[in-house]
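Read off the chains here:
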Amino acid sequence: MEILLARHAQPEWDRDEVSYVDPGLTRRGGEQAELLAGRLLHERFDRILVSTARRAQETAAPVRAAHADVPTEDRAWMHEIHMPADWDGTPAEEVNRTLREAQHRPRDLWWEGLPGGETFRDFHARVTIGLEAELAALGVRRREERLWEVPAGVPDLLLIAHAGTNSVVVGHLLGLDPEPWEWERFASDHASVTRLRATPIAGAHIFSLQGFSDVGHLPSSLVTA
């Protein structure tokens, strides 16, 4: 079994100096999404799961079109950690200042997230519970903390989501203790591809990180973080 994790393309967080919590893609992001779709033509996967966020949906659109024969489903559990709702329409400089200052919080406050937003504890639980339920429906179950039962013939998956979501998935499947800054620990670029593979070991399977944040399909001028 292989799980491909694609991060959404560049979103338009700010427009006319105003911030948006559920933005679409920039023009550059649209180009990245098209190139990502071309990159994925060389991959095999049996199902596509897409975050419900607008930036993920727009990134997935050319992928869906290129793989019209592959079942595609939207998943709310794959949405990025939810930012404070009242940030929508807030001056961009105010939001950016809050984010810069938040980088210097002590570790215990990182777990609590930003005031008015989703806590990291809730985000991590949402993603890992959703992931394990998704895998269990395919017959893939965790035997121990780092060992998994993976039956033969399990479908390969493509998940189109976010830096945070994908980082939680990577850490969870590798059996790592969570940190409240997972997207900083596993920092991936926009429209990048990460690969996990189920590897037989110790009478069960582990998930092995085979590639991380691959942007070989993007020219250097289109690589963004």
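Description of the structure in this document.

## Quick notes on the pairing of strand S9 (residues 193-201)
The sheet contact formed by strand S1 (residues 2-7) and S9 spans five bridges and is antiparallel. Looking across to S9, one finds that Glu2 is bridged to Arg197. Relative to strand S10 (residues 204-214), S9 runs antiparallel, the two being bridged by eight bridges. Looking at the pairing, Ala198 lines up with Phe207 of S10. Connecting the antiparallel pair S9 and S10 is a turn made up of two residues, with Ala202 showing a positive phi of about 55°.

## Side note on the nonpolar core
Ranked by internal contacts, the top residues of the largest apolar core, which has 29 residues, are Met1, Ile3, Leu135, Leu173 and Phe207. Secondary-structure elements contributing two or more residues to this core are S1, helix H5 (120-136), strand S8 (157-161), helix H6 (163-174) and S9. Tallying contributions element by element places H5 first for this core, with five residues. Leaving out residues up to four positions away in the same chain, Leu135 has contacts with Met1, Ile3, Val140, Trp148, Leu157 and Leu173. Core analysis: the second largest hydrophobic core is formed by 21 residues, Leu4, Leu40, Val50 and Val63 among them.

## Things to note about the pattern of salt bridges
Within the structure shown, the criterion is met by 21 salt bridges. One salt bridge in this structure joins Arg15 and Glu12, with 3.6 Å as the shortest N-O distance. Across the salt bridge formed by Arg39 and Asp214, the nearest N and O atoms sit 3.0 Å from each other. Of the two residues, Arg39 is situated in helix H1 (residues 27-40) and Asp214 in strand S10; the sequence distance between them amounts to 175 residues. The buried category is assigned to Arg39, whose relative accessible area is 15%. Residues participating in the shared-partner salt-bridge network are Glu2, Arg39, Glu43, Arg195, Arg197 and Asp214.

## Side note on the environment of Glu93
Structurally, Glu93 is set in helix H3 (residues 92-102). When its relative accessible area of 45% is taken as the criterion, Glu93 is described as partly exposed. In this structure the C-alpha to C-alpha distance between Glu93 and Val154, which are 61 residues apart in sequence, comes to 47 Å.

## Some remarks on the side chain of Glu182
Following the sequence through the fold, Glu182 ends up in helix H7 (residues 182-185). Residues contacting Glu182, with those up to four places away along its chain left out, are Phe120, Ser167 and Val168.

## Re unusual backbone geometry
A positive phi angle is found at Ala202, which is not glycine, with a value near 55°. Counting through the fold element by element, Ala202 comes out in the loop between S9 and S10. Judged by its relative accessible area of 62%, Ala202 is exposed. The phi dihedral of Ser213 falls on the positive side, at around 50°, and the residue is not glycine. Residue Ser213 is classed as buried on the basis of its relative accessible area, which comes to 12%.

Rules of the game
Residues numbered from 1 in each chain as written. Predicted model: local features only at pLDDT ≥ 70, side-chain atom pairs only at ≥ 80, totals over all residues. Heavy atoms only, no water. Pairing = 2+ DSSP bridges. Helix = DSSP H or I, 4+ residues; strand = E, 2+ residues; numbered from the N terminus. Core = buried A, V, L, I, M, F, W, Y, C linked by side-chain atoms within 4.5 Å. Buried < 20%, exposed > 50% of the residue type's maximum accessible area, 1.4 Å probe, protein only. Contact = heavy atoms within 4.5 Å. Salt bridge = Lys/Arg side-chain N within 4 Å of Asp/Glu carboxyl O.

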